[in-house]
Amino acid sequence: MAGIKFYGSQIGGEAVTSHSHTKNPIALLWHDIWLALNLANYLPMILWPFKNTGTWCELYPGIKNIWCMTLHIVLFCLQLMFIISIPLWVCFPVGVVGISVAIFLMINRGICFMLNGGGRQLNSDPKYAQVMEEHKGEQWVYINGIGVGKHWLQSNLDRLALTFGRPILGIHNRSNGFIFDIVECMIQRNFNYASADIRTAFSALKAFLYDESLTKVILILHGQGAIEGGMVLDWLLGEVPSDLLAKIEIYTFGNVANHFNNPHRSFKSEEKAQAASHKRRSWTILPTTQTNNNGSSKNGTSVDDNGMSDERIIHHIEHYSHSEDFIARFGILYFISHCAISSSPERPSFMGRTFKQIGAGHLFNQHYLDAMFPLHPAPKGQTGVGGSGFTGCSEDSEFMEMKVEWASSPSVFAGLDCREGMEESARALRTRINRSRVSDEDDNLSSPWSTGRGSKVLNEEEKRHGKNTYKVKELSRLWQYRNGRCPPVDTVDARNARILGESRA
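If you're wondering where the values come from, they're calculated on a predicted model, not measured in any experiment.

The rules we used
- Residues numbered from 1 in each chain as written.
- Predicted model: local features only at pLDDT ≥ 70, side-chain atom pairs only at ≥ 80, totals over all residues.
- Heavy atoms only, no water.
- Core = buried A, V, L, I, M, F, W, Y, C linked by side-chain atoms within 4.5 Å.
- Buried < 20%, exposed > 50% of the residue type's maximum accessible area, 1.4 Å probe, protein only.
- Patch = residues over 30% accessible without salt bridge, like charges linked within 9 Å, V, L, I, M, F, W, Y side chains within 5 Å.
- Areas by Shrake-Rupley, 256 points an atom, 1.4 Å probe, with all protein chains shown as cover.
- Salt bridge = Lys/Arg side-chain N within 4 Å of Asp/Glu carboxyl O.
- Helix = DSSP H or I, 4+ residues; strand = E, 2+ residues; numbered from the N terminus.
- Expected span 1.5 Å × (residues − 1).
- Contact = heavy atoms within 4.5 Å.
- Polar contact = N/O pair within 3.5 Å; in protein donor to acceptor, adjacent residues only side chain to side chain.
- Phe/Tyr/Trp six-rings, centres within 6.5 Å; stacked < 30°, edge-to-face > 60°.
- Lys NZ or Arg CZ within 6 Å of the ring centre and 35° of its normal.
- 1 Å grid on protein atoms, 1.4 Å probe; cavity = no way out; pocket = protein on both sides within 12 Å on 5 of 7 lines; lining within 4 Å.
- Points joined across faces, edges and corners; volume = space filled by probe spheres on them.
- Nonpolar A, V, L, I, M, F, W, Y, C, P; charged D, E, K, R; others polar.
- Pairing = 2+ DSSP bridges.
- Axes fitted to C-alpha atoms, helices over the stretch in contact; angles between N-to-C directions.
- pLDDT = per-residue confidence, 0-100.
- Parallel < 35°, antiparallel > 145°, perpendicular 65-115°, else oblique.
- Left-handed = near helix turned anticlockwise from the far one by under 90°.

Peer 1: Mind laying out the nonpolar core, listing which residues take part and the relevant values?
Peer 2: By size, the foremost hydrophobic cluster in this structure holds 104 residues, and its most contacted members are I220, L236, I250, F253, F326, F373 and L478. Formed by six residues, the second largest nonpolar core is a distinct cluster that contains V101, F104, I179 and F180.

Peer 1: How would you sum up a nonpolar patch on the surface? Please name residues and give values.
Peer 2: Residues I26, W30, I33, L37, V183, I187, F191 and Y193 make up a contiguous nonpolar surface patch of roughly 780 Å² in combined accessible area. Here I187 lies in helix α6 (residues 178-191).

Peer 1: If you had to explain helix α3 (residues 63-85) to someone new, which residues and values would you point to?
Peer 2: With 23 residues, α3 extends 33 Å from end C-alpha to end C-alpha; this agrees with the ideal 33 Å at 1.5 Å per step. Listing the buried residues of α3 in full gives N65, C68, L71, H72, L75, Q79 and F82. Looking at the buried side of α3, the elements it contacts are α4 (94-116), α5 (150-164) and α6.

Peer 1: Which residues make up the side chain of N496, and what are the values?
Peer 2: When you line up the elements, N496 lands in helix α20 (residues 491-504). Here the side chain of N496 touches T215 through a polar contact of 3.4 Å, landing on its backbone oxygen. With residues up to four places along the chain from it excluded, the contact list for N496 reads T215, D243, A246 and K247.

Peer 1: How would you explain the packing of aromatic side chains if you had to name every residue and give the values?
Peer 2: All told, the structure shown has 23 aromatic pairs when counted by the stated rule. Ring geometry for F253 and F364: centres 5.4 Å apart, planes at 80°, overall edge-to-face. Placement of the pair is F253 in strand β7 (residues 248-253) and F364 in helix α13 (residues 364-372), with a sequence separation of 111 residues. When its relative accessible area of 1% is taken as the criterion, F364 is described as buried. With a centroid separation of 6.4 Å and an interplanar angle of 70°, the aromatic rings of F253 and F373 are classed as edge-to-face. With F253 in strand β7 and F373 in the loop between α13 and β11 (375-377), this pair connects stretches of sequence that are 120 residues apart. Pair check on accessibility: F253 and F373 agree, each one buried. The residue whose ring lies beneath R189 is F330, and the NZ or CZ to ring-centre distance is 4.2 Å. In this structure, R329 is placed above the aromatic ring of Y42, and the distance from its NZ or CZ to the ring centre is 4.2 Å.

Peer 1: Kindly report on the layout of surface pockets, identifying the contributing residues and their values.
Peer 2: Looking at the largest pocket, its volume works out to about 820 Å³. Looking at the largest pocket, it is lined by 24 residues, and the ones nearest its centre are L43, F76, F178, I179 and I182. When residues of the lining of the largest pocket are traced back to their parent elements, those giving at least two are α2 (25-38), α3 and α6. Per element, the largest residue contribution to the lining of the largest pocket is six residues, and it comes from α3. The residue makeup of the lining of the largest pocket, split by class, is 23 nonpolar, one polar and no charged.

Peer 1: Can you explain the sheet that holds strand β6 (residues 216-222)? Please cite residues and give values.
Peer 2: Within a sheet, neighbouring strands are paired by backbone hydrogen bonds and run either parallel or antiparallel to one another. In space, the nine strands of this open sheet follow the order β3-β5-β4-β6-β7-β8-β10-β1-β13, with mixed pairing throughout. Each having just a single partner strand, β3 (121-123) and β13 (404-406) make up the two edges of the open sheet. Neighbour-to-neighbour, the strand axes of this sheet turn through a mean angle of 25°, independent of strand direction. Of the pairings in the sheet, the one linking strand β8 (residues 317-322) to strand β10 (residues 353-357) comprises five bridges and is parallel in character. Note on β10: the bridge partner recorded for H319 is T354. Sheet strands in contact with helix α8 (residues 224-239) are β4 (138-143), β6 and β7, and its direction is about 140° off that of β6. Lying on the sheet, α13 is in contact with β4, β6, β7, β8 and β10; it crosses β8 at an angle near 110°.

Peer 1: Break down the confidence of the model for the protein chain for me, citing the residues and quoting the values.
Peer 2: Put simply, the protein chain has an average pLDDT of 83, and 80% of its residues get 70 or more. For the stretch residues 281-309, pLDDT sits under 50, and the model shows 86 contacts to residues farther than four places along the chain or on other chains. Confidence drops under a pLDDT of 50 for residues 409-414, and excluding neighbours within four residues, the segment shows 14 contacts in the predicted structure.

Peer 1: Can you tell me about the packing of α3 against α6, naming the residues and giving the values?
Peer 2: Put simply, α3 and α6 touch, their axes get as near as 7 Å, and they point 65° apart. In this structure, α3 contributes H72, F76, Q79, L80, F82 and I83 to the contact, and α6 contributes F178, I179 and F180. Looking at the contact of α3 with α6, its residues break down into seven nonpolar, two polar and no charged.

Peer 1: Lay out the packing of α6 against α8 in plain terms, naming residues and giving numbers.
Peer 2: Remark: α6 packs on α8, axes separated minimally by 10 Å, with the N-to-C direction vectors making an angle of 20°. In this view, α6 runs roughly parallel relative to α8, as classed from their interaxial angle. Crossing angle aside, the handedness with which α6 passes α8 is left-handed. For the pair formed by α6 and α8, the contact residues are D181, E184, C185, Q188 and R189 on the first element and Q224, I227, E228 and M231 on the second. A per-class count over the contact of α6 with α8 returns three nonpolar, two polar and four charged.

Printed below as a string of C-alpha cells:
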C-alpha cells in the first residue's frame, strides 16, 4: 500500500516574499490560464471516481442530487458555448453582442438561483449533532468549494456534524457553474477579489473571535473555500489581536489557494524554528532520546518543541489533498512543490502541514470525507444517529492507518523554503515520541536527496536501528476531533481557557 506524502509546514522568514503580494496580477492570471491548460487532462478527476457509499455522496442517484447534476450539465453547456462564441463577437454589431450577453447572463443567473436558493448561511441538521457541554466553547465553520448548491452544502454540513459530533455553521460560497467557478477562483486568488460570501465569512469569524464565550473557532475549507478562507485570514491577521487569533484552527481539503499565511508571533521564535530546521535536517526522521508523556526526556533534559505550535499565530493548520484532483493540483500541490524549485525569493507562502494521498476526486463527501473520515454503519436493526444509518466516524480509517512518507524535492529545504520535520509536527500535536537512542553514525547521515539514494536510505536506517514510522493519525490534529472527542490540551488551549475563565470571573 502506498504511503501518504507529507510536507511539513513552511517556516518562512525574511528570505521568502509571497509572490501573490508582489507579482503583477495580470501576470499571475496568465500563469493560471497556462497552468489550467496544462492540467486539463485532470479535469474529469474532479468527479471521478463515480463510486459512492450512499445518500451522503454528491453523485448518489437520488432525486435532489439528480436535479443538481442536471442544472450543472445545463450550466456547463451554456457556459462552454458562451466562451467558444467570444471570438465571433467581432462579426456582429456591438448592440447585438450586448443584448445577447445580457440574455445569457439572465438565463445563467436564473439557473444558478435554482441551484443555490437564497441565504448565505446554513446550519447542520440538529438531529446529527447538538451542542454538548464539553463543546460549548467551540464554534465550527465550513466554507464549501466549487459547484456546490444549497442541497450539496446541506449534505456537507450534516456529514461533518455526524463525523465530528458538533453542529456546523456553513457559509455558502454560491456556485455559478463549474466553468465560471474556476474563472472566479482565478480572479479571487490573483486580484484578491472579495465576493459577498468572503465578506460574510469575515464578519462572522471576527464576531466569533471576539465572543468571550468561545475558546476555539474551527474553520474547515474545501476547494475554492480555501481561497476565501485564506483571504479572510489575511484580513483577520491585520485587524484582530494575536491572542484572539490563537482560537482559530484551520483544516482544508483540495485547497486551491495560491498562498496561506501564518506568521510567527515573534522574530525570535521564527529564528528558532529556522535554526531547528537546518540543525535537525528536517528531511529525515530524527534520532531522539526516548521521552516520557510529559514531553521530557528520560535522561532528565527537556524536549524542545521549537515553538512549532504555540509560537505561530494560528497554532494548527492542516491541508488534505488527492494527488490526481485537478483542483488540488491547480492549487496547493503546485504551490508547495513546483514553484518551490525556483531560486527566486518571490515564491508561494504556504503555511500548514500537508497530507497528499494517491487518488482522484474533489467532491467533499464522496471523495474526501469517505476516503479519509469514513462512517461506521449502524448495527443491524438500528437506524443510527438521526436515522442516517451510521453511528459516526469509523475508527477503522485506512487513510489514517497509512504510514507517512516525507515528500519533497532537493530545493525545498534550501534556506529560502525550509520546513519543519516530522518530529516537530508530532511534538506540535503532543504526539508521544517513543524512539530509542541510536548511534552517532545516525547523526552524520547526509540528506538522501544529495546522495541520490532517495527514501530507501531512510528505510534502511530505520530498519537497522529498529525505529518506527509515523501514521497519518499520529500527525493529524483533525482526526482527534472525531465523534465528539477533543485533542489533548496544548499550551494554546490552556491559555485560551485561562483567558475565558478570567473574562467570566
